Amino acid sequence: MSNNYKNPTKVITGPKTRWSYANVWDPKSINGGTPKYSVSLIIPKSDVATVKKIEAAIQAAYEEGEFKLKGNGKSVPSLKILKTPLRDGDLERPDDAAYADSYFNSASAPGIVDADRQPILERSEVYSGVYGRASINFYAFNSNGNKGIACGLNNLQKIADGEPLGGKSRAEDDFAIDDDDDFLS
């Protein structure tokens with residue numbers, strides 16, 4: 001394959017993409033299903049370039065997967081009625097400030113590097129709230145009556161730390177004040 005080949009279903013997100021629900025070290029089972037690696041990618045609506053690339057990749061995945069989407073039916077369902085991975089945070093997560101004025105999607109199974117493209121080995125370096133880029137691919141699916149376009153995660157590149165998401169405090173912060181130092185006295 002030529003080095004000039006560009007996969008129309010592959011997207012590299014912008015550096016202001018925020019990672020949430022970052023299950024990138026150990027696979028996690030959802031509703032008793034097969035454990036998978038995953039991350040929710042929060043993409044600011046102001047990152048028009050990334051949003052356009054994702055929309056184009058979803059269209060390309062739809063066109064490449066028409067035979068799969070048709071299944072046993074007589075026609076291919078319209079892309080507008082299929083499930084797609086680009087979701088509107090203002091509509092689907094209106095009470096979560098991290099998703100305000102953003103789109104999001106979920107993807108799975110990453111390789112992880114830092115801004116200098118060096119592998120990240122310390123688990124504490126990657127958490128929900130980090131900013132970075134993601135290499136993602138889109139593909140059509142037709143399984144058990146569900147049809148749509150899904151997103152697979154290839155790799156992640158951490159660009160910057162961010163405020164941790166999820167409301168969990170750090171142990172270092174919880175125990176920074178010694179209010180009860182003399183409780184045994």
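Residues numbered from 1 in each chain as written. Predicted model: local features only at pLDDT ≥ 70, side-chain atom pairs only at ≥ 80, totals over all residues. Heavy atoms only, no water.

Peer 1: Provide a residue-level description of the overall build of the chain, including the pertinent values.
Peer 2: Per the secondary structure count, the chain includes four helices and eight strands. Counting from the amino terminus, the chain carries its helices and strands in the arrangement β-β-β-α-α-β-α-β-β-β-β-α. Expressed as a percentage of the 185 residues in the chain, the buried residues total 35%. Long-range contacts, defined here as pairs at least 24 residues apart, represent 68% of the contacts in the chain between residues at least 6 apart. Surface summary for the chain: the accessible area is close to 11900 Å², and the carbon and sulfur share equals 49%. (Helix = DSSP H or I, 4+ residues; strand = E, 2+ residues; numbered from the N terminus. Buried < 20%, exposed > 50% of the residue type's maximum accessible area, 1.4 Å probe, protein only. Contact = heavy atoms within 4.5 Å. Areas by Shrake-Rupley, 256 points an atom, 1.4 Å probe, with all protein chains shown as cover.)

Peer 1: Would you mind going over unusual backbone geometry in detail, with residue names and values included?
Peer 2: At tyrosine 21, a position not held by glycine, the phi torsion is positive, near 50°. The residue tyrosine 21 is located in strand β2 (residues 17-28) in this model.

Peer 1: Lay out the pattern of salt bridges in plain terms, naming residues and giving numbers.
Peer 2: Taken as a whole, this structure holds six salt bridges when the rule is applied. Residues lysine 45 and aspartate 88 are paired through a salt bridge, measuring 3.0 Å at the closest nitrogen-oxygen approach. Taken together, the positions of lysine 45 in the loop between β3 (36-44) and α1 (48-64) and aspartate 88 in strand β4 (residues 87-88) put the pair 43 residues apart, joining distant regions of the chain. Here aspartate 88 falls in the buried class, since its relative accessible area comes to 18%. Lysine 158 is the salt-bridge partner of aspartate 161, the closest N and O atoms lying 2.7 Å from each other. Here lysine 158 falls in the buried class, since its relative accessible area comes to 8%. Put simply, Lys45, Asp88 and Asp90 are held in one network by salt bridges that share partners. (Salt bridge = Lys/Arg side-chain N within 4 Å of Asp/Glu carboxyl O.)

Purely spatial values, then, with no claim about function.
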